[in-house]
Amino acid sequence: PDRMRHGYGLTKAAAEECLATCREEWARMPVKEQGGSHAAKTAPRRARAARSSEPPILFIALDCGSASVDVIAELGMQGIDCIVVDHHQPPDLGGAVHPAAAHLNPRAWEGDAPDLVALRMLSASGLAFCLCAELARDLQVEQWDRAAGLVLAGLGTVADVVPLTGLNRVLV
């Protein structure tokens, strides 16, 4: 979300704007033409038009979303799975489970194991780097540029003004 327009956290307006932008960009993406017939040449145009009405199936909230339980639940009711990658203190849900398909926030996890305590100090960019690195490893993504990911995670860590200790120091 844009803090100047939407305020802090994931709001309904911010989510709707993001989804609208996603639909527009998806509709603009090139569609491979096949064959030489008139039908084959107009197919990409029809495919792009159809894409603009397709709902996204995944919404990733980065550095927000833990406290936006209602917005995340509403997206879920629209058939959109949400992944929340956040480092802010989550609200007390009274024992209820967060509605996100995946809620990656170490502050929401119980326990005091040293590794968990270290993860709780990471910025959202550090958590996003860890998520991307693990996905790349598990999915055997060869194009994953770990060095570029580290640069972005380090920059985000400094910009988020988190303590430069432990894993944050490693990222920077």
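Heads up: these notes are all about the structure in this document. (Residues numbered from 1 in each chain as written. Predicted model: local features only at pLDDT ≥ 70, side-chain atom pairs only at ≥ 80, totals over all residues. Heavy atoms only, no water.)

Quick word on helix 6 (residues 124–138)
Part 1 of the argument: When the terminal C-alpha atoms of helix 6 are compared, their 21 Å separation across 15 residues agrees well with the 21 Å that a helix rising 1.5 Å per residue should span.
Part 2 of the argument: Among the residues of helix 6, those classed as buried are A124, S125, G126, L127, A128, F129, A133 and A136.
Part 3 of the argument: Each element contacted by the buried residues of helix 6 is listed here: strand 1 (58–62), strand 2 (81–85), strand 3 (102–104), helix 5 (114–119), helix 7 (146–159) and helix 8 (166–171).
Part 4 of the argument: Where helix 6 ends, the next residue or the one after it, Q140, has phi of about 55°, a positive value. (Helix = DSSP H or I, 4+ residues; strand = E, 2+ residues; numbered from the N terminus. Expected span 1.5 Å × (residues − 1). Buried < 20%, exposed > 50% of the residue type's maximum accessible area, 1.4 Å probe, protein only. Contact = heavy atoms within 4.5 Å.)

Overview of the environment of R107
Part 1 of the argument: Tracing the backbone shows R107 in the loop between strand 3 and helix 5.
Part 2 of the argument: Judged by its relative accessible area of 34%, R107 is partly exposed.
Part 3 of the argument: Here the alpha-carbon distance between R107 and Q89, two residues 18 residues apart in the chain, equals 5.9 Å.
Part 4 of the argument: Apart from the residues lying within four places of it in its own chain, the contact partners of R107 are H87, H88, Q89, P90 and R120.
Part 5 of the argument: Within polar-contact distance, the side chain of R107 engages the backbone oxygen of H87 at 2.6 Å. (Polar contact = N/O pair within 3.5 Å; in protein donor to acceptor, adjacent residues only side chain to side chain.)

Quick notes on the environment of L75
Part 1 of the argument: Mapped onto the fold, L75 is located in helix 4 (residues 69–77).
Part 2 of the argument: Distance in space between the C-alpha atoms of L75 and A15 is 8.5 Å, their sequence separation being 60 residues.
Part 3 of the argument: Apart from the residues lying within four places of it in its own chain, the contact partners of L75 are A15, L19, F59, I80 and C82.

Re the packing of aromatic side chains
Between two aromatic rings, the relevant description is the distance of the centres plus the angle of the planes.
Part 1 of the argument: For the structure shown, the criterion picks out one aromatic pair.
Part 2 of the argument: Both rings, one in F129 and one in W144, keep their centres 5.9 Å apart while their planes meet at 40°; by these two values the pair is tilted. Residue F129 is found in helix 6, and its partner W144 is found in the loop between helix 6 and helix 7; the two are separated by 15 residues along the sequence. (Phe/Tyr/Trp six-rings, centres within 6.5 Å; stacked < 30°, edge-to-face > 60°.)

Comments concerning the pairing of strand 2
Strand residues, when the strand is regular, have side chains that alternate between the two faces of the sheet.
Part 1 of the argument: Bridging between strand 1 and strand 2 involves five bridges; their strand directions are parallel. Bridging across to strand 2, A61 finds its partner in V84.
Part 2 of the argument: For the handedness criterion, the β-α-β arrangement of strand 1, helix 4 and strand 2 is classed as right-handed.
Part 3 of the argument: With three bridges connecting them, strand 2 and strand 3 associate as parallel partners. Note on strand 3: the bridge partner recorded for V85 is L104. (Pairing = 2+ DSSP bridges. Right-handed = clockwise from strand over helix to strand, strands pointing away.)

Structural measurements only, silent on function.
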